[in-house]
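# Fold and contact review
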Amino acid sequence: MMTPNSSPSGSASPVLEVRNIVKRYGGLSAVDNVSFSLRQGEILGLIGPNGAGKTTMFDLVAGSAQPTAGQIMLGGRDVSAEPAHARITNGLGRTFQIPKPFPELSLLDNVLLARQGQAGESLFANFLRPGQVAAQERAAREKAKELLDFVLLSRLTHEPARVLSGGQRKLLELARVLMADPAIILLDEPAAGVNASLLEVIIERIKEINARGITFLLIEHNIDMVSRLCHRVLVMASGQLLCEGTPDEVARDPRVIEAYLGGAA
Ligand SMILES: Nc1ncnc2c1ncn2[C@@H]1O[C@H](COP(=O)(O)OP(=O)(O)O)[C@@H](O)[C@H]1O
Ligand SMILES: [Mg+2]
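Overview of the structure. Numbering of residues starts from 1 in each chain and follows the order in which that chain's sequence is written. Chain letters start at A and ligand numbers start at 1, both assigned in the order the entries are written. The model is predicted, so local features are restricted to residues of pLDDT at least 70 and side-chain atom pairs to those at 80 or more, both for listing and for counting; the totals for chains, interfaces and linings are taken over all residues. Side-chain figures throughout are based on the complete set of non-hydrogen atoms in the structure, without hydrogens or water.

A 2.8 Å cut-off from the metal defines N, O and S donors, relaxed to 3.2 Å for Na, K and Ca; water is not in the atom list, so some sites may appear incomplete. The protein atoms that coordinate the magnesium ion (ligand 2) are Thr55 (OG1) and Gln97 (OE1), at distances spanning 2.1 to 2.4 Å. One end of the pair, threonine 55, is in helix H1 (residues 54-62); the other, glutamine 97, is in the loop between strand E6 (92-94) and helix H3 (107-112), with 42 residues separating them in the sequence. Here a helix means four or more residues in a row that DSSP labels H or I, a strand means two or more in a row labelled E, and each is numbered from the N terminus.

Whether parallel or antiparallel, the strands of a sheet pair through hydrogen bonds between backbone atoms. At least two bridges found by DSSP between two strands are what make those strands a pair. Across the sheet, six strands lie side by side as E6-E7-E8-E3-E9-E10; this open sheet has mixed pairing. Edge strands, defined here as strands with exactly one partner in the open sheet, are E6 and strand E10 (240-245). Each adjacent strand pair in this sheet contributes to an overall mean axis angle of 20°, direction not counted. Direction of pairing for E6 relative to strand E7 (residues 184-188): parallel, over a ladder of three bridges. Within the sheet, the bridge partner assigned to leucine 92 lies in E7 and is isoleucine 184. Running over the sheet, helix H7 (residues 196-211) touches strand E3 (43-47), E7 and strand E8 (215-219) and is turned about 150° from E8. Here helix H10 (residues 254-262) sits on the sheet and contacts E3, strand E9 (232-237) and E10; the angle it forms with E10, its principal contact strand, is near 135°. In this description, a line fitted to the C-alpha atoms serves as the axis of each element, helices being fitted only across the stretch in contact, and the angle between N-to-C directions of two axes falls anywhere from 0 to 180 degrees. Here a residue-residue contact requires only that any non-hydrogen atoms of the pair lie within 4.5 Å.

With that out of the way, let us pick up the pairing of E9. Only protein chains enter the accessibility calculation, which uses a 1.4 Å probe; a residue whose area is less than 20% of its type maximum is buried, one above 50% is exposed, and one in between is partly exposed. For E9, a buried count of six out of six residues is recorded, marking the element as mostly surrounded by other parts of the structure. Burial along E9 is two-sided: Arg232, Leu234 and Met236 and Val233, Val235 and Ala237, pointing in opposite directions, are all buried. Here E3 runs beside E9; their pairing, made up of four bridges, is parallel. Paired with glycine 45 across the strands is valine 233, a residue of E9.

Attention shifts here to the pattern of salt bridges. We define a salt bridge as a side-chain nitrogen of Lys or Arg found within 4 Å of a carboxyl oxygen belonging to Asp or Glu. Scanning the entire structure with this criterion turns up 13 salt bridges. Here glutamate 17 makes a salt bridge to arginine 19, at a shortest N to O gap of 3.2 Å. Of the charged contacts in the structure, one is a salt bridge between aspartate 224 and arginine 228, with a shortest N-O distance of 3.6 Å. One end of the pair, aspartate 224, and the other, arginine 228, are both in helix H8 (residues 223-229), four residues apart, so they sit about a helical turn from each other.

Here is the structure:
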């Protein structure tokens, strides 16, 4: 059904705020003075033709690219100068348009590698408190297995990631991002290359995660998925914010239709 979701019942203060952000690559403005905010508990869609600047926007929010100008506020704090790993520690998770799992590692190890700040990372902690480290290790394995179960991949827990289909890789990405307990998740085209039955699984999982209070920013070309999931949608074209509204509103907006027909797609 194309009915838009009801608005989330979170607090009014944004969990993420992008202020007048600009990213230039040489003479090209990949992102050109874009501002928006993401509210607690919301699923916000980000759509637009290829080359619109959507992935670059994710890179800027996640900290894998530095803005030419503007600010990124996370939980009311300016994180523009902070590296990506600091933002992950502060509850921001992202998946990639093209997932790149470690092909020879098992699914379990791929998920385990995505966790944050385990004591076992420090040789010193391991030396002082081996019992605690072992207990954390067990808990992490348990959690990783539960997440693989959640994304319906538990059958393949000990298989190398290279055996996965494109759709299964997207699900593995979801399990990986959840391992770090993010409060905000950026999803870059989770439905691309995914068959219809896996797509239903991905949509259901996103709904379930969102129902637990986790906020999403979702880049997606699949308009059915956007309509079913997103409370609100932003449309980008040529680096700029073209308009925003409910999924139905933007789908009917002549500027949006024009951007897709005449745009870089
Ligand atoms: N690292 C980069 N170096 C140079 N140009 C880039 C880089 N990343 C993106 N671009 C350019 O920025 C524009 C926006 O790209 P992108 O953010 O990937 O768009 P979208 O995800 O909406 O398809 C494109 O013209 C792209 O070629
Ligand atoms: Mg992209």
